[in-house]
Amino acid sequence: SIQTLSQRYYSTSNIKSVGVIGGGQMGSGIAQVLAQVAKRNVILVDLNKAVVEKSLININGFLQKSVAKGVITEEDRQSTLKRISFSDDLNSLKNVDFVIEAIVENTEIKCNLFKDLSKICKPEAILASNTSSISITQIASNTNNPQNVIGMHFMNPVPIMKLVEVIPSLQTNDETLKTTMELAAEMNKTTTLSKDMPGFIANRLLMPYINEAVQALHEGLGTREDIDTTMKLGCNMPMGPLTLADFIGLDTCYSIMNILHTQLGDKYKPSPLLKRYVEAGRLGKKVKHGFYTY
Ligand code: NAD
């Protein structure tokens with residue numbers, strides 16, 4: 001009946017299985033928390049077979065540490081792993097009820113993926129993107145059911161950070177929004193709502209702060225240690241802004257600043273020093289070299 005149809009997605013109990021796309025640092029964490037905390041069956045898809053294998057190793061490594069610390073039991077570790085299957089084929093997502101995309105931060109690649117998902121997935125499946133800065137409205141416009149598309153922005157590392165920013169686009173309907181908030185709650189995350197504007201809330205505030213720290217370094221206002229220690233010990237930040245930029249990835253910081261700059265104006269111009277680091281391939285901790293060496 002019409003009533004059953006309209007109620008279909010008012011409850012997360014209808015979400016039997018979730019697809020996660022991208023087995024990098026974010027996708028692995030999202031798959032783990034879905035399986036471990038929300039107790040959902042998860043299919044983790046990455047086009048790169050080596051990444052698929054590595055993400056299993058990463059998830060298992062995290063779970064083993066949690067067992068050693070006494071946070072979870074050995075049984076929890078095994079049942080979590082049993083709930084996750086791995087694939088390098090997008091077609092394996094044809095029966096999932098909810099998808100969370102966490103592939104590379106590139107507008108064209110993401111839009112093409114959503115076009116494909118729209119053909120492969122059930123029409124009522126909710127398609128969420130973990131993008132840090134790309135317009136959810138633009139991503140949604142590549143699908144046949146833009147009312148089912150939403151932003152679900154997790155923080156890094158996913159198993160540890162409490163927040164998920166939820167970003168409805170201009171087209172997102174209330175069922176999609178409600179179901180997404182409920183699923184995040186079942187993952188034991190606190191949600192905030194942001195409009196679909198560049199950087200959403202977290203990166204709109206964080207990236208200009210990091211960029212200003214890079215500009216301060218560029219101008220010789222202080223050394224990298226002076227800048228980081230001032231913010232850490234003087235302003236009670238858990239880590240300094242240059243260390244944080246290294247953790248996030250300087251390429252990611254630069255691409256988010258560029259989106260803020262082009263859409264919101266000159267106030268958000270990336271520091272030329274940030275651009276130089278990216279040109280030099282000093283992208284931060286992931287390549288063992290950024291503002292610091294690892
Ligand atoms: P990553 O480079 O670690 O992982 C991306 C993965 O996507 C890679 O394993 C790659 O093989 C895979 N991939 C690329 N194209 C694909 C495709 N078409 N189909 C399937 N897999 C594909 O990146 P990450 O840091 O995990 O970031 C992923 C997303 O999460 C980005 O949109 C990023 O902006 C967002 N994000 C990142 C952070 C962070 O701190 N790193 C925080 C919040 C959100």
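Going along each chain's sequence as written, the residues are numbered from 1 onward. Per-residue local features are limited, in this predicted model, to residues with pLDDT of at least 70; the limit for side-chain atom pairs, both in listing and counting, is 80 or more; totals at the level of whole chains, interfaces and linings are taken over all residues.

1. What about the overall build of the chain?
Condition: Helical segments are the DSSP runs of H or I of at least four residues, strand segments are the runs of E of at least two, and each set is numbered from the N terminus. Just to be clear, the radius of gyration here is over C-alpha atoms, and the globule rule we use is 2.2 Å times residues to the power 0.38. Whether a residue is buried, exposed or partly exposed is read from the other C-beta atoms within 10 Å of its own C-beta, which are placed from the backbone; 20 or more gives buried, 12 or fewer gives exposed, and intermediate counts give partly exposed.
Broken down by element type, the chain carries 12 helices and 8 strands. Against the 2.2 N^0.38 benchmark of 19 Å for 294 residues, the chain shows a C-alpha radius of gyration of 20 Å, consistent with a compact globule. Along the longest, intermediate and shortest principal axes, the C-alpha atoms of the chain span 65 × 45 × 35 Å. Looking at the chain as a whole, 42% of its 294 residues qualify as buried.

2. Here we look at the packing of helix H9 (residues 224-235) against helix H10 (residues 241-248)
As a reminder of what qualifies: An axis is simply a line fitted to the C-alpha atoms; with a helix, the fit covers only the stretch in contact. Between two such axes, the angle follows the N-to-C directions and lies from 0 to 180 degrees. Throughout, the term roughly parallel applies to angles under 35 degrees, roughly antiparallel to angles over 145, roughly perpendicular to angles from 65 to 115, and oblique to all others. For the purpose of contact definition, each residue receives a C-beta atom placed from its backbone, and two residues are in contact when these atoms lie within 7 Å.
Here H9 crosses H10 at 100°, and the two axes come no closer than 7 Å. Taken together, H9 and H10 sit at an angle that is classed as roughly perpendicular. Between H9 and H10, the contacting residues are Arg224, Ile227, Asp228 and Met231 on the first element and Pro241, Leu242 and Thr243 on the second.

3. Comments concerning the nonpolar core
The cut-off we apply is this: Under the definition applied here, buried Ala, Val, Leu, Ile, Met, Phe, Trp, Tyr and Cys residues are grouped into a nonpolar core through C-beta atoms within 7 Å.
Counting residues in hydrophobic clusters, the biggest one holds 49 residues, and the most contacted among them are Val20, Ile30, Ala31, Leu34, Val42, Val99 and Leu127. The biggest single contributor to this core is helix H2 (residues 25-36), with 6 residues. Ignoring any residue separated from it by four or fewer positions in sequence, one finds isoleucine 30 in contact with Val20, Ile100, Ala102, Asn130, Phe154 and Val158. Counting 24 residues, the second largest nonpolar core, distinct from the first, contains Ala213, Leu217, Leu244 and Phe291.

4. Observations regarding the domain arrangement of the chain
When the parts of a complex come together, some accessible area is lost, and that lost area is often taken as the interface size. Short version of the rule: Residue ranges for the domains trace back to a domain assignment, done automatically or taken from a database.
Here the domain parsing of the chain yields domain 1 (2-193) and domain 2 (203-287). Domain 1 and domain 2 are separated by 28 Å when their C-alpha centres are compared.

5. Quick look at the environment of alanine 38
Take alanine 38: it is sitting in the loop between H2 and strand S2 (41-45). Considered as a pair, alanine 38 and isoleucine 201 are 163 residues apart in the sequence and their alpha carbons are 25 Å apart.

6. With respect to the sheet that holds strand S6 (residues 149-154)
Heads up, the rule is: Strands are labelled as partners when DSSP assigns at least two bridges between them.
Strand order in the open sheet formed by 8 strands is S3-S2-S1-S4-S5-S6-S7-S8, and the pairing between neighbours is mixed. Lying at the two open borders of the sheet, with one neighbouring strand each, are strand S3 (84-87) and strand S8 (190-193). Neighbouring strand axes in the sheet, compared pairwise and without regard to direction, differ in orientation by 25° on average. Sheet topology places strand S1 (residues 17-21) next to strand S4 (residues 98-101); 4 bridges connect them, and they run parallel. Opposite valine 18, over in S4, you have phenylalanine 98 as the bridge partner.

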